Structure formats: structure tokens, C-alpha cells
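# Commentary on secondary and tertiary structure
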Amino acid sequence: MAENSFVFLVGGFLSKLNKHFGNGKYIKYDLIKFAKNLAKKQNLSCKHIFYYNAPPFQGTPPTLEQRKKKEGYDKFIKILSKNKEITIREGRLQRLKIIEKFLYKQKGVDTLLTIDLSHIKEDFPDVNKIILVACDTDFCPVVEDVKRRKIIVILYTYFDRIRESSFSRANHLISCCSNYHQLTKQDFEDCAI
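The present account deals with the structure reproduced in this document. (Residues numbered from 1 in each chain as written. Predicted model: local features only at pLDDT ≥ 70, side-chain atom pairs only at ≥ 80, totals over all residues. Heavy atoms only, no water.)

## Here's the deal with the nonpolar core
- Judged by nonpolar contacts, the single largest core of 59 residues is most densely connected at Phe8, Leu9, Phe13, Phe34, Ile130 and Val133.
- Apart from residues no more than four positions distant in its own chain, Val133 is found in contact with Phe8, Leu9, Val10, Phe13, Leu14, Leu38, Tyr156 and Leu183. (Core = buried A, V, L, I, M, F, W, Y, C linked by side-chain atoms within 4.5 Å. Buried < 20%, exposed > 50% of the residue type's maximum accessible area, 1.4 Å probe, protein only. Contact = heavy atoms within 4.5 Å.)

The structure is reproduced here in C-alpha cells:
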């Protein structure tokens, strides 16, 4: 019988990567199956999934495009939330105007994941391995803390070595995890809808 694990998914990163692999279009895939497949690749059983994201930005009043994005997001979250195998944590999306251009940043999402990771051993003492699907080096302090509590942290990420690319990453997150694996387009296609 495979050892139990938890899978932690950062929705913003997955969305950006999915669109990248789809050459500007999203690959429709089953998020639950995606998480379970990653655990299976590590000879683990996915006991539970934690999913972190932020709803699309809504202006006052929201534009037609903003309303459509929110309706699509709400439908997706409603379907996901019916599944007892997943816990959904939501932050918010902040819009900043910088030199006549809008920039969007998720707020609170990383903090929610950090909170959950920081007491994982106390809440689930029988789980000794987790899978983290992320790219942000801000997670390094909590990953190092989790490892001190004798939990193996397996990172699934994606990076390229192109300077100034949105997937250009520092090695710090990779080096602080127990081991890492590069996500591929096939990981999404293997659970396509």
C-alpha cells in the first residue's frame, strides 16, 4: 500500500504554466486527477489536496469581461468544492496601475499556504511526505521549517533558463526542498478533460 501524502497546489502558478504549455490557450484538465497523478509518480497515495488561488479582479462596477471571468471562476470553484478530497483557500487579486498599465498580484494566497504548511505535522501526524506545486522562493522558510519536523517536501515546478522570462527562477526553492521534478505539458495532458 502506498504511503499517504498531501498535495499543495498554487493555482496562479498552475494557470500561468497551463497557458504557457497551451501556447496561449488553456489546456482543460482535471485538477484532482492532476494532483493524484503527481503523487502516484512518487509512489504515494494522495490523501488530500490543498488548492490556493484568488478570484479574478472585479472593478467597481465590474466590466463585462471581469464579470465573465468571475462567473467562470465561481463555476470552477463550485464544482471543486463538492469534492471532499480538496480544501480550497482563497486570497484576493489586487490591481495596480503602473505607467498606464495594469498589473495584477495575488494577495494572501502565499500566506494561507504558509499557515497550512506550518502546522501540518500537528494536524496530520501520520503524514510524512508532501508535494508542493509552486515556484515562489517566498516558501523557502516554511519548507525548511517543515523539513525540520521530519516531513519530506517534494517540489513540482517549472523553470527555464531564459533571463527575464516569467519562468526564470532562482535555485533557492529547488535547493531547500527534499527533491524536485520539472512539470511538463504531458502532466496536464494526462488528465485532460
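## Regarding the environment of Asp110
- Tracing the backbone through its elements, the reader meets Asp110 in helix H4 (residues 109–118).
- Apart from the residues lying within four places of it in its own chain, the contact partners of Asp110 are Asp136, Asp138 and Phe139. (Helix = DSSP H or I, 4+ residues; strand = E, 2+ residues; numbered from the N terminus.)

## Thoughts on the pattern of salt bridges
- Applying the stated criterion across every chain, the model contains 12 salt bridges.
- In this structure, Lys129 and Glu3 form a salt bridge, with 3.4 Å as the shortest nitrogen-oxygen distance. Placement of Lys129 in strand S6 (residues 129–133) and of Glu3 in strand S1 (residues 3–10) is noted, with a sequence separation of 126 residues between them.
- The class for Glu3 is partly exposed, based on a relative accessible area of 33%.
- Measuring nitrogen to oxygen at the nearest pair gives 2.9 Å for the salt bridge that ties Lys70 to Asp74. Note that Lys70 and Asp74 are positioned in helix H3 (residues 64–81) at a spacing of four residues, about one turn of the helix.
- A network of salt bridges, in which partner residues are shared, links Glu122, Asp145, Arg148 and Arg149. (Salt bridge = Lys/Arg side-chain N within 4 Å of Asp/Glu carboxyl O.)

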